[in-house]
Amino acid sequence: MRIGVLTGGGDCPGLNAVIHAAVKKGIIHYGDQFVGFLEGWRGVLENKTVPLTLEKVDGILEKGGTILRTSRTNVRKIEGGIEKCVQVLRANKLDALIAIGGDDTQSVTNALIQAGVPGVGVPKTIDNDLNGTDVCFGFDTAVMIATEAVDRLHTTAESHERVIVCEVMGRDAGWIALTAGVAGGAHVVLVPEKPIDLEHVCAILKHNYDHGKKYGIVVVAEGAKLPDSGAQATKGNKVDSFGHAQLSGIGEHLAEEIEKKTGYETRSVNLGHTQRGGTPTAYDRMLATRYGLAAIDLVHQGKFGRLVVLRGTKIEDIPLAEAIAKNRTVDDSFLEIISGLEPKL
Ligand code: F6P
């Protein structure tokens, strides 16, 4: 078969491991040929391609980023965009397309499937919020980086008797904040799923200071809502083609408010894209490899319109439409981990 591959949306550690596995198994076990589209859906629209050979994917497994590069291009917002993509894919004489991306990328895959393109999806996002899968590759690496940062903040915060607010990624779901916050022993963890009660945050910090712990670590997801307005903190008013604003600033805002309300010297740090860069963890390399192998198998079984997912320890597949129907957010059982670790006030 002749198969197209692309990576779309924000990059994520493990993208290259998916490409590596799918291309390797496809060529060696099925005799496939691969066409890589550069820069996500933009590369399909503009027919920017590169042959994906065994030589090309050799040694990429452990590399961060994506050799195909990526973009946030919403084909559905471009007049005639879907038709243009269908034309380009046909002109490349493809039998199938593997799209590696999060909900935005997969919403385009789904539209193309409706238009007759034989496509399958692979779930990617450090936010870990794609519906229907227990884990997206990239999440483990982001959490590892964020946890290490939180560990490091303890010693400097303690030395200066300060509060430090650490902002991590997580647009609609607080999985990174929750996991890195709990694993890193943060005193307060704030996620988009629960409104921030500033009085409660300050009361926890005061309680700790009064009981001898004279510093505080607060981990907050970038998508957590501002306590006063209930809106998300954004940088400017610009939105991308999927309608997303650039989230940033909740950490800084909280630091100012905490200092005002408690009198404790407070700093903020925003981990930003550090969480998406660099080499994937062994867990992410393994998961991404299993996804890549499963995706090429799906193609050869003719199971189009499906997304490979992890359920428990098994790789399965679900309808792509189900995955993009809603986000997988932090539920009450996970929120209880946060409240279970808070002091009794
Ligand atoms: O890919 C998800 C994500 O990392 C979000 O957590 C974050 O809000 C967004 O991407 C940042 O996107 P960009 O790289 O376009 O600034």
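See the structure printed just above.
Because the structure is a prediction, the values reported are computed rather than measured. (Residues numbered from 1 in each chain as written. Predicted model: local features only at pLDDT ≥ 70, side-chain atom pairs only at ≥ 80, totals over all residues. Heavy atoms only, no water.)

## Here we look at the layout of surface pockets
The space that makes up the largest pocket amounts to roughly 790 Å³. Taken together, 33 residues form the lining of the largest pocket, with R72, M169, R171, E222 and R276 sitting closest to its centre. Elements supplying a minimum of two residues to the lining of the largest pocket: α5 (103-114), β6 (163-168), β9 (234-239) and β10 (245-247). Split into classes, the residues belonging to the lining of the largest pocket amount to seven nonpolar, 11 polar and 15 charged. Taken as a whole, the second largest pocket encloses approximately 210 Å³ of empty space. The wall of the second largest pocket is formed by 15 residues, among which V189, L190, K194, H200 and E342 lie closest to the centre. Elements supplying a minimum of two residues to the lining of the second largest pocket: β7 (188-190), α8 (198-210) and α12 (332-341). Residues that form the lining of the second largest pocket fall into these classes: 10 nonpolar, two polar and three charged. (1 Å grid on protein atoms, 1.4 Å probe; cavity = no way out; pocket = protein on both sides within 12 Å on 5 of 7 lines; lining within 4 Å. Points joined across faces, edges and corners; volume = space filled by probe spheres on them. Helix = DSSP H or I, 4+ residues; strand = E, 2+ residues; numbered from the N terminus. Nonpolar A, V, L, I, M, F, W, Y, C, P; charged D, E, K, R; others polar.)

## Side note on the sheet that holds strand β13 (residues 314-319)
Taken in spatial order, the seven strands make up an open sheet running β3-β2-β1-β4-β5-β12-β13, and their pairing is mixed. Of all the strands in the sheet, the pair left with one neighbour each is β3 (49-52) and β13. Mean inter-strand twist for the sheet, computed between neighbouring axes without regard to direction, equals 30°. Along the sheet, α5 contacts β1 (2-7), β4 (96-101), β5 (119-123) and β12 (306-311); its crossing angle with β4, the most-contacted strand, is approximately 160°. Helix-sheet contacts for helix α10 (residues 282-301) involve β1, β2 (33-37), β4, β5, β12 and β13, and the interaxial angle to β12 is about 140°. (Pairing = 2+ DSSP bridges. Axes fitted to C-alpha atoms, helices over the stretch in contact; angles between N-to-C directions. Contact = heavy atoms within 4.5 Å.)

## Focus: the packing of helix α6 (residues 139-160) against helix α7 (residues 175-183)
The geometry of α6 relative to α7 is characterised by a closest axis approach of 8 Å and an angle of 45° between their N-to-C directions. The angle between α6 and α7 falls in the class oblique. Note that α6 runs across α7; the crossing there is right-handed. Between α6 and α7, the contacting residues are F139, A142, V143, A146, T147 and V150 on the first element and W175, I176, T179, A180 and A183 on the second. (Parallel < 35°, antiparallel > 145°, perpendicular 65-115°, else oblique. Left-handed = near helix turned anticlockwise from the far one by under 90°.)

## Structural notes on the nonpolar core
The nonpolar side chains of a soluble globular protein tend to be buried with one another. In this structure, I19, I98, I100, V122, F137 and I217 are the most contacted members of the largest nonpolar core, which totals 63 residues. The residues that make up this core include at least three from each of domain 1 (2-137 + 280-323) and domain 2 (140-276). Apart from the residues lying within four places of it in its own chain, the contact partners of I217 are V150, L153, H154, A157, I164, A186, H187 and V188. Among the nonpolar cores identified, the runner-up in size contains 21 residues, and V163, L226, A233 and I250 belong to it. (Core = buried A, V, L, I, M, F, W, Y, C linked by side-chain atoms within 4.5 Å. Buried < 20%, exposed > 50% of the residue type's maximum accessible area, 1.4 Å probe, protein only. Domains from an automatic or database assignment.)

On their own, these measurements won't tell you what the molecule is for.
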